[in-house]
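What follows is the residue order along each chain.
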Amino acid sequence: MISAMQLTYLSHSCFLVETSAHRLLIDPFFTGNPLAKTKADQIECDFILVSHGHEDHLGDAVPIAKRTDATIISNFEVCMACAKEGAKNIHPMNPGGAWQAPFGRVKLTIAHHSSSRQTENGFLYLGNPCGIVVTADGKTIYHAGDTGLFLDMKLIGELDAIDAALLPAGDNFTMGIDDAVMAAGFLKAKLAIPMHYNTFDLIKMDPRVFEQKAAAAKIRAKVMQVGEKIEIA
Ligand code: NI
Ligand code: MN
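Residue positions are counted from 1 within each chain, in the order its sequence is given. Ligands are numbered from 1 and chains lettered from A, in the order in which they are written. Local features in a predicted model are, by the rule used here, given only for residues with pLDDT of at least 70; side-chain atom pairs are given and counted only at 80 or more, and totals for whole chains, interfaces and linings are based on all residues. The basis for every side-chain value is the complete set of heavy atoms in the structure, and neither hydrogens nor water enter the calculation.

Novice: Is there a simple way to think about the pairing of strand 10 (residues 122-125) in this case?
Specialist: Look at any regular strand and the pattern is simple: side chains alternate between the two faces of the sheet. Looking at chain direction, strand 9 (residues 116-119) and strand 10 are connected through 4 bridges and run antiparallel. Among the inter-strand pairings, R117 is bridged to a residue of strand 10, identified as L124. By this definition, two strands are paired if DSSP reports at least two bridges between them. Strands are runs of DSSP state E lasting at least 2 residues, helices are runs of H or I lasting at least 4, and numbering of each runs from the N terminus.

As structure tokens, then:
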């Protein structure tokens, strides 16, 4: 049993959050992820939080949920799609709503992006993309999902004191380095952690540049290695 929130980076936008009593997996993308060092069938968790319906975020959520009985928390449409595919436990939400979960509080925020899945018949749209604010053991983390920069990040930082902000910084589909550093400032995050970079050619970026630009903006940043675990202080 641990007393403080632990955060492990599993590559791309996938993190494992361990609280005093629960394990939360965010955006479980293992299968087809060239950076992942873990296989989906090695993961144990109690909750799976999914920011939006794209394959690199919804990923292995359903098979992991079926094997572990973990509850999938996401927007309404993603949850319904997961239930249809056999996930037993779902908790649908939408931006602005919070839920007192067994591990603490989870709240969805807006994100400027899309949320869909490609099928044989074209695109299946899976609700609105979200960011996720998790508060447990007295600490709060914000996983921005996939998003461009938006000024309402100031509001997110005003409503909750953000101990760590997990921010996409690979550009092209989401914020790039400059916008992610600005986001950390809007959020007044105590720690900024980049994600969603170097998994594919289109999102290549140099994390040292992220560190340098964050330092220049007086923002505390941490580039996590795949598999690295930190305690949220
Ligand atoms: Ni996406
Ligand atoms: Mn993505």
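Let us keep going from here.
Novice: Looking at this structure, how should I read the coordination of the manganese ion (ligand 2)?
Specialist: Listed donors are limited to N, O and S atoms within 2.8 Å of the metal, widened to 3.2 Å for Na, K and Ca; water is not among them, so incomplete-looking sites are possible. With distances of 2.1 to 2.2 Å, the protein atoms coordinating the manganese ion (ligand 2) are D56 (OD), H57 (NE2), D146 (OD) and H196 (NE2). In the primary sequence, the donor residues of the manganese ion (ligand 2) line up as D-H-x88-D-x49-H. The metal-metal distance between the manganese ion (ligand 2) and the nickel ion (ligand 1) comes to 3.2 Å, with D146 coordinating both. With D56 in helix 1 (residues 55-58) and H196 in the loop between strand 14 (192-195) and helix 6 (207-216), this residue pair connects regions lying 140 residues apart in the sequence. We note that D56, like H196, is buried. Only protein chains enter the calculation, and the probe is 1.4 Å; a residue is then buried if its accessible area is under 20% of its type maximum, exposed if over 50%, and partly exposed in between.

Novice: How should the sheet that holds strand 14 be read in this particular structure?
Specialist: Strand pairing in a sheet takes place through backbone hydrogen bonds and is either antiparallel or parallel in direction. The 6 strands are arranged 7-8-11-12-13-14 in an open sheet whose pairing can be described as mixed. The open sheet has two edge strands, strand 7 (98-101) and strand 14, and neither has a second partner. Here the average twist between neighbouring strands, direction ignored, is 20°. As paired elements, strand 7 and strand 8 (residues 104-110) share 4 bridges and run antiparallel to each other. The residue bridging Q100 from the neighbouring strand is R105, located in strand 8. Helix-sheet contacts for helix 5 (residues 177-187) involve strand 12 (139-143), strand 13 (164-168) and strand 14, and the interaxial angle to strand 13 is about 150°. Axes, fitted as lines to C-alpha atoms, cover a helix only where it is in contact. Angles between the N-to-C directions of the axes lie from 0 to 180 degrees. Whether two residues are in contact is decided by their heavy atoms, any of which lying within 4.5 Å being enough.

Novice: I would appreciate a short explanation of the nonpolar core in the present structure.
Specialist: Across soluble globular proteins, nonpolar side chains have a tendency to be buried as a group. For our purposes a nonpolar core is just a set of buried Ala, Val, Leu, Ile, Met, Phe, Trp, Tyr and Cys residues, chained together by side-chain atoms within 4.5 Å. By size, the foremost hydrophobic cluster in this structure holds 54 residues, and its most contacted members are L7, L49, V106, I141, Y142, L167 and I193. For this core, the element with the most residues is helix 5, which contributes 7 residues. Ignoring anything within four residues of it in the chain, the contact list for L167 reads Y142, A144, M175, A180, A183, A184, L187, A192, I193, P194 and M195. Residues L25, I43, V78 and A81 belong to the second largest nonpolar core, which totals 22 residues.

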